[in-house]
Amino acid sequence: MRKNVLLINNGYPSECYPEYTSYIRSIEKCIIDSGQGVDRLVIRFDRPITTIYKLYKYILFWLKCLNTRTASDTVYINHLPFAWTLILNPFIRKKRRIIHWHGNDLVGKSILSLTSSLFLKKFINNSINIVPSQYFSIQLRKKYPNLKHNIHISPSGGVDTVLFSADAIPRKDIKIGFASALNAEKGADTLVYLSEHKHEIESATGRAITFHIINYGKESGYYIERMLQIDRSSCKVFNRMNKRVMPSFYQTIDLLVFPSPRESLGLAALEAMSCGVPVVAHNVCAFPEYVKPGVSGELVELFDTETEQNQAFLTAVVKAIKNIESYTPRKVVEANYSQASVTSFYRQLFETL
C-alpha cells in the first residue's frame, strides 16, 4: 500500500547550487521509484551562501521542523543532529520515523554531533535507523545500544549505473585519477607522494604514468601547484564538473586512488567502479565492504607514520597497475550499490512498516 513520506534534510540541490547534497535527490528518487509519495522539508540555498544567509535559512528550517503537522505516514530524517528541533515536536514523535545516518553524524567532531547523544537518545532508540555501511552499523550500535529496531544498511541513494557506465579502453599508458577534493584530510599529500615517486612506479610496472586531478577543494591551488612543480607534463588538471559530467572524467583514467582515512561511504569510489575503474583505498570504514582485493581494487592498511603510509599506498598502486586488466569492479556495484538495488531495499522496507 502506498505510504506518504516526509523527507527531511538540511540541504537540497538548487539552481544556484545544483550539486549541493545531491545524494538526497538520489534517495528521493529511489523512494519514489519504490512506490511511495514524497513531500520535502529541506533547506535550499537559492543565492550565494553567506554566514548570515545560512543562519537565516537554518532558523527557518528549525522552526519548520518544530511546527510541521505533516499528513505523511512516515518521517524520513537525514542528519538528525542538524534537525534537532524535531524532537520537540509532539506531532512528529507520534509518527513512524526513519533516521538515515551519514558518517559525520556519528563520528564527526561538530558540537551538534558530539552533543546529540545527550538529548536525542530516546527519539533515536524508538526510530528505524539506516546507515550507509556495515562499519557505521557497528558504530551506531556502540553509541546507542538500546535500539528497538534492526539497523538497516543502504548506500545513500546508490549509483546511477546507466549514467556511470563506460566500456574498458585498453591503454598501454596508465592514467591515475584523484576525484576527491584537494585537501589534506582527503589524502592529497599521498597523491603528491605518488607523483614524486612516479618514476619508481613506472620502473616497477613498465607503464608510463600520468595523473588526472580535478580543480576543487579548499586547498586545490596549493596542491595543484605542487603537482605541476614535480612534473608538469605528467599532471592533467580538469575543471570542476557536475555529477552528470563526472563519467567523462572516469573514462579518462585507469585507476582511482582514494587515500582518505575516513569516509561515510566514498560514493566517488563507487561511481568510478561503476565505470569499470578499480580503486586503491584504505582498509577502513566502508571501503573493505566494496573494494575487494584482486576484484575491484586493492586495500591499504593504516600505519602510524606518514612515511609508512605513503609507501604502503605506493606498493598497492604498483600491484593494481600490474593487474589492471584483471579487475571487474562494476559487478560489485551492480550487485549491491546501484540505484536499482536501493529502490528494491526501500520497497521491501516500506512493505514491512
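Within any chain, residue numbers begin from 1 and follow the written order of that chain's sequence. Predicted model: local features are reported for residues with pLDDT of at least 70 only, side-chain atom pairs are reported and counted for 80 or more only, and whole-chain, interface and lining totals are derived from all residues. Only hydrogens and water are set aside when side-chain values are computed; all heavy atoms of the structure are taken into account.

Salt bridges are defined as contacts in which a side-chain nitrogen from Lys or Arg sits within 4 Å of a carboxyl oxygen from Asp or Glu. Inspection of the entire model under this criterion finds 11 salt bridges. With a shortest N-O distance of 2.7 Å, Lys 186 and Glu 263 are connected by a salt bridge. Highlighted residues: Lys 186 in the loop between strand E7 (174-178) and helix H8 (188-196) and Glu 263 in the loop between strand E10 (255-258) and helix H12 (267-274), separated in sequence by 77 residues. Burial classes: relative accessible area under 20% of the type maximum marks a residue as buried, over 50% as exposed, and values in between as partly exposed (1.4 Å probe, protein chains only). On the basis of relative accessible area, Lys 186 is assigned to the partly exposed category, the value being 24%. The residue Lys 319 makes a salt bridge to Glu 298 at a minimum N-O spacing of 3.8 Å. With Lys 319 in helix H14 (residues 306-322) and Glu 298 in strand E12 (residues 297-300), this pair connects stretches of sequence that are 21 residues apart. Salt bridges sharing partners connect three or more residues here, namely Lys 198, Glu 202 and Asp 231. Where helices and strands are cited, they refer to DSSP runs of H or I of at least four residues and of E of at least two residues respectively, numbered from the N terminus.

In this section: the packing of aromatic side chains. When the centres of two rings from Phe, Tyr and Trp lie within 6.5 Å, Trp using its six-membered ring, the rings pair. Their planes under 30 degrees apart give stacked, over 60 give edge-to-face, and anything left gives tilted. Under the counting rule described, the total for this entry stands at 17 aromatic pairs. Pairing Tyr 222 with Tyr 223 gives two aromatic rings, centres 4.8 Å apart and planes at 75°, and the pair type is edge-to-face. According to the relative accessible area criterion, Tyr 223 is buried, its value standing at 3%. Sitting over the face of the ring of Phe 123, Arg 97 holds its NZ or CZ atom 4.1 Å from the ring centroid. A ring is scored as having a charge over it whenever the NZ atom of a lysine or the CZ atom of an arginine sits within 6 Å of its centre and within 35 degrees of its normal.

Buried within helix H15 (residues 329-336) we find Pro 329, Val 332 and Val 333. Seen end-on, H15 carries its buried residues on one side only, within an arc spanning 95°. Arc definition: directions from the helix axis to the C-beta atoms.

What follows deals with the nonpolar core. Among buried residues, the Ala, Val, Leu, Ile, Met, Phe, Trp, Tyr and Cys ones that are joined through side-chain atoms within 4.5 Å form a nonpolar core. In this structure, Phe 249, Tyr 250, Leu 256 and Tyr 290 are the most contacted members of the largest nonpolar core, which totals 33 residues. Of all the secondary-structure elements, those providing two or more residues to this core are helix H11 (246-250), E10, H12, strand E11 (279-282), helix H13 (287-290) and H15. For this core, the leading source of residues is H12, giving 5 residues. Within the second largest apolar cluster, 31 residues are counted, among which are Ala 188, Ile 224, Val 317 and Ile 321.

The subject of this paragraph is unusual backbone geometry. Phi at His 79 is positive, roughly 55°, even though this residue is not glycine. Residue classification places His 79 among the buried residues on the basis of a relative accessible area of 13%.

This part is about the sheet that holds strand E3 (residues 74-78). Pairing between two strands requires that DSSP report at least two bridges joining them. Strand order in the open sheet formed by 6 strands is E2-E1-E3-E4-E5-E6, with parallel pairing between adjacent strands. Only two strands of the sheet have a single neighbouring strand rather than two, namely strand E2 (37-42) and strand E6 (151-153). Taking the axes of each pair of neighbouring strands and ignoring which way they run, one obtains an average angle of 25° across the sheet. Two strands pair when backbone bridges link them, and strand E4 (residues 96-100) and strand E5 (residues 128-131) are joined in this way by 3 bridges, in the parallel orientation. If you follow Ile 99 over to E5, its bridge partner there is Asn 129. Contacts are assigned to residue pairs with any non-hydrogen atoms lying within 4.5 Å of each other. Between N-to-C directions, angles span 0 to 180 degrees; the directions come from axes that are lines fitted to C-alpha atoms, helices contributing only their stretch in contact. Lying on the sheet, helix H1 (residues 22-33) is in contact with strand E1 (4-9), E2, E3 and E4; it crosses E1 at an angle near 175°.

Ordered in space as E9-E8-E7-E10-E11-E12, the 6 strands form an open sheet in which the pairing is parallel. Two strands in the sheet have a free side with no partner beyond their single neighbour: strand E9 (235-239) and E12. Mean inter-strand twist for the sheet, computed between neighbouring axes without regard to direction, equals 25°. Bridge count for E10 against E11 is 3 bridges, and the pairing is parallel. Residue pairing in the sheet places Phe 258 in a bridge with Ala 281 of E11. Its contacts with the sheet put H8 on E7, strand E8 (209-215) and E10, and the angle it makes with E8 is roughly 150°. Those strands touched by helix H10 (residues 220-231) are E8 and E9, and its axis lies near 160° from that of E8.

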